[in-house]
Each structure stands twice: as structure tokens, then as C-alpha cells.
Amino acid sequence: MHPALNIIIKAARRASQIINRASLDLDHLQVTTKRQSDFVTEVDRKAEAAIIEVLREAYPEYGILAEESGQTAGSANGSEYQWIIDPLDGTTNFIHGFPQYAVSIALAHRGQVTQAVVYDTVRNEMFTASKGGGAFLNERRIRVSKCIRLEDALIGTGFPYRIYDHIDAYLAIFKELARKSAGIRRPGAAALDLAYVACGRFDGFWEFGLSPWDIAGGALLISEAGGLVSDLAGNERYLQTGNLVAGTPKVFAQLLQLIDGHRTPGLAA
């Protein structure tokens, strides 16, 4: 196992202790609204601080892109390495006691993600991946499903909840997929949705308007599990655009074609 991956696992487990403790007493949780339907809790901040402490201790010179604190640490020094951190993906689920949330931590080198962990603290499922080294769930190698037809595919997605500029295009895609797939699910934590594609629980996934920390770790999991990930134009700029399509190779191609048919001029790839 890559040394950096060991450190990421350590950081994710440290954060999980904070999250799991807080989940036992949600009535006393302090919640702040960042904007409409976008929440942050004291748990997000404490978990992120714990993660950063572990990562900085091991690699003090690396840059950090974290959801709650923004760019910090070595990023100002021009480091070629950057941690991409979501301390609690699925905060809305968490504050409602809905057990679908995760810690997501990735390491990028010159903009390319090379190490990743998505940790489901509820189920104790640790998804890990190293570029060129495969993807694993609790040390068992995982692969995307063998699904080849969209009509047989279970598709994951995330409804827009902050920016509604492209809601019509999204709903048109949803409507067509409802007829042409085996089903659509919206659990509410993109990092876990992507991990589920990697291990075959979903056959495909799409969403608009995501942040880098939502998708960096999960995207590497899928690539290392034999799947495909791209932006809406079939390129690799999903971390920049926030728009992402993923799936088994065959389902990915069909999903991308269907989505392309509903793209509007204002919807970036």
C-alpha cells in the first residue's frame, strides 16, 4: 500500500470517530446554513480539522483544498501535491439521521488524483484506490458491474439543490432515464454514489454542479475499478466543471449520449 494511502486511511478513521460520536446525539448538533439547502455543522469543522492535523503531520508541505476551510497549508508554496478533502459528504443526510454519508479524501499530483479514500462511517466500509493499483473495499478488490445495457442499469444521481440554472435540462434527462433504465436512485452523498459505481451497486451515475471534494476520490475509485468517468463532453475536466458522468464502459457511453442530447448552450461540459 502506498504510504500516502495509509495516512489518508488514518485521517479518515480519525474523522469517523468524531462523526460517529456526534451521530448519537443529533438533537444537540449546532447547524449553520451556508446558503439555501446547504448546511454545515460543528461536526464538519471538527472532522476536517482532525483530518488536516493528520495529513499535515505526515506531509506538511502539501497543499490542501478542503470544503470548509478552502485552500490552506502548502498550496501557497506551489506544491505539486494537494489534498482534496470532504470531511462529511452528505451533511443534510447526517443532520436528519439518514445513514448515508461519508468521509472523502484524495491526493492529487499536478492536478491528477493518485490516491483516494471514501469511508462510509455508518457501515464501516473503507473504499480505497491508488492510481495504477486498483480499487478496494475493506481490502477486497472491487470492479464495476458487468452491465452493458442502459435498460438493465441502476443509475445514481443527485438532484440540484444549490443552483437551479439547468433544472430543465436535468429534469428532461431524468424523465428519459426513468423510461430507459432499470431505475434511478438519489441517496444524497455523491462520494458514496461514485464508490457504489466502483463496486457494482450502481451501473452508472450523473450529476451537475458538484465540487472537487465531492468527486475526486470517487472518480479514482471508478477508474481503478474498470469504469469510465468524464465531464459532459467525454473529457476529463469534471473536477473543473463539476459536471460528471460515470459508469461501466458500455453504460457510460449510452448515458453520455443520452445526456448530450439534452445539453443546453449554457450548460458547460
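The structure this text deals with has already been given above.
Below, the structure is looked at part by part. What you see as residue numbers is a count from 1 along each chain, following the sequence as written. Residues qualify for local features only when their pLDDT is at least 70, as the model is predicted, and side-chain atom pairs are given and counted only at 80 or more; totals for whole chains, interfaces and linings, by contrast, use all residues. Where side-chain values are given, they derive from all heavy atoms of the structure, hydrogens and water being excluded.

Turning to the overall build of the chain, a few remarks are in order. Secondary structure elements are taken from DSSP: a helix is a run of H or I of four residues or more, a strand is a run of E of two residues or more, and numbering for both begins at the N terminus. Looking only at helices and strands, the chain has 8 helices and 15 strands in total. For the radius of gyration, the atoms used are the C-alpha atoms, and the globule rule reads 2.2 Å times the number of residues raised to 0.38. Against the compact-globule benchmark of 18 Å for 269 residues, the chain has a radius of gyration of 18 Å, which places it among compact chains. Taken along the three principal axes of its C-alpha coordinates, the chain extends 50 × 40 × 35 Å. Of all 269 residues assigned to the chain, the portion counted as buried reaches 55%. In the chain, the proportion of contacts linking residues at least 24 apart, taken out of those at least 6 apart, comes to 62%. Note that accessible areas follow from Shrake-Rupley with a 1.4 Å probe, and for residues the cover is restricted to the protein chains shown. For the chain, the accessible surface area stands at approximately 12,000 Å², while carbon and sulfur atoms represent 48% of it. Only protein chains enter the accessibility calculation, which uses a 1.4 Å probe. A residue is then buried if its area is under 20% of the maximum for its type, exposed if over 50%, and partly exposed in between. Any pair of residues with heavy atoms lying within 4.5 Å of one another is described as a contacting pair.

With respect to the helices, strands and loops of the structure, T114 is situated in strand 7 (residues 112-120). Take T114: its relative accessible area is 17%, and that puts it in the buried class. Apart from residues lying up to four places away in sequence, T114 is in contact with L107, A108, H109, A129, S130, K131 and L220.

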